[in-house]
Amino acid sequence: MPSTRTHAGPLSSKRPEGAMAADEATRARLDRLAARLPEATRPTRRRKPRVVNFFTRYFDRYFRRHMNALRLARWGAAPPLRDDAPVVLYTNHPAWWDAAIYILLAERHFSRRASYAPIDAEMLEKYGFFGRMGAYGVDLESRRGAQDFLAASADILAHDDAVIWVTAQGRFMDVRARPLDLKPGIAHLYEIAPHAQYVPVALEYGFWEQRGGEAFVAYGDAISGDDLAGMERAARLSYLEDALTRIADRLSEDVITRDPARFDALIEGKAGVGGIFDFTKRILARLKGERYDPAHGRRDA
């Protein structure tokens, strides 16, 4: 059944009875995998908090200029998470905006953790500064690329305060497409990090009454290693995909209503059309002694 959580963000919690923490064998396996990468290329060495902070502020301003709001489904707040294990947040991949949304959500809901995200290896080679933001290259079309992805992920998942944001579909897909067709990589991560916490995150975009678009997000409940234990890889992938599908379907149901009361606005952008249109309307409102509201219709819609 879908969660009915209403809290605004994730809460750290002690490990509940039966939850899986990393044992010595898991730690050793992660260290061996990470050792395949040159020290200088490891994601945890390349990521620079100052660069992350700079681009977080940049994308916050950029979002406010170009979008109307980032809305969190009230039933889909970030779940409580244990502080003795890393987190893998896996999402659908509907739009270019996804990477920016990761950055904005990381600052609001996971600020006490270090966030990372795999991106196309060619893009990382072209824009190397992404590595300073926590991005690491992935080329799952080759065997070597898959091995490098697991090695880089192992370097990250060896740290209990780490978060990996994964576009689990591996390519842009319409939000309505079913099945979601998640790539096997998300299921492979469990094999190297069974102690990690896996959280499905649904993303969607739309246009309501304002000029700017609306971004929507909903988190599912955390899935522990215990939930995935004993499954074959295909069954594990299906389990993770089903969890994300349920969250994505429920989020779409709320988006279709166009009812802002179903969401909490995490960020609100600048209303109005801008330029000479808003300037003229503002002057006319002053001449009439009225207060000018640039929003079209309700500001919260």
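Residues numbered from 1 in each chain as written. Predicted model: local features only at pLDDT ≥ 70, side-chain atom pairs only at ≥ 80, totals over all residues. Heavy atoms only, no water.

1. Overview of the packing of helix α6 (residues 143-157) against helix α7 (residues 185-192)
Phase 1 of the analysis: Remark: α6 packs on α7, axes separated minimally by 10 Å, with the N-to-C direction vectors making an angle of 55 degrees. By the angle class used here, α6 and α7 are oblique. As for the relative orientation of α6 and α7, their crossing is right-handed in sense. Contacts between α6 and α7 involve Phe 149, Leu 150, Ser 153, Ala 154 and Leu 157 from the first element and Gly 185, His 188, Leu 189 and Ile 192 from the second. (Axes fitted to C-alpha atoms, helices over the stretch in contact; angles between N-to-C directions. Helix = DSSP H or I, 4+ residues; strand = E, 2+ residues; numbered from the N terminus. Parallel < 35°, antiparallel > 145°, perpendicular 65-115°, else oblique. Left-handed = near helix turned anticlockwise from the far one by under 90°. Contact = heavy atoms within 4.5 Å.)

2. Comments concerning the nonpolar core
Phase 1 of the analysis: With 46 residues, the main nonpolar core has Val 88, Tyr 90, Leu 157, Leu 189, Ile 192, Tyr 198 and Leu 251 as its most contacted residues.
Phase 2 of the analysis: For this core, the element with the most residues is helix α9 (residues 233-257), which contributes eight residues.
Phase 3 of the analysis: Discounting chain neighbours no more than four positions away, the residues touching Leu 157 are Leu 30, Pro 86, Val 88, Ile 164, Leu 189, Ile 192, Ala 193 and His 195.
Phase 4 of the analysis: By size, the runner-up hydrophobic cluster in this structure holds 31 residues, among which are Trp 97, Tyr 102, Ala 106 and Tyr 219. (Core = buried A, V, L, I, M, F, W, Y, C linked by side-chain atoms within 4.5 Å. Buried < 20%, exposed > 50% of the residue type's maximum accessible area, 1.4 Å probe, protein only.)

3. Regarding the pairing of strand β7 (residues 162-167)
Phase 1 of the analysis: Burial analysis of β7 places five of its six residues in the buried class, the great majority of the element.
Phase 2 of the analysis: As defined by bridge partners, strand β4 (residues 87-91) adjoins β7 across five bridges and the pair is classed as parallel. Bridge pairing in β7 links Tyr 90 to Val 166.
Phase 3 of the analysis: Pairing of strand β5 (residues 114-120) with β7, which is carried by three bridges, proceeds in the parallel orientation. Looking at β7, one finds that Ser 115 is bridged to Val 163. (Pairing = 2+ DSSP bridges.)

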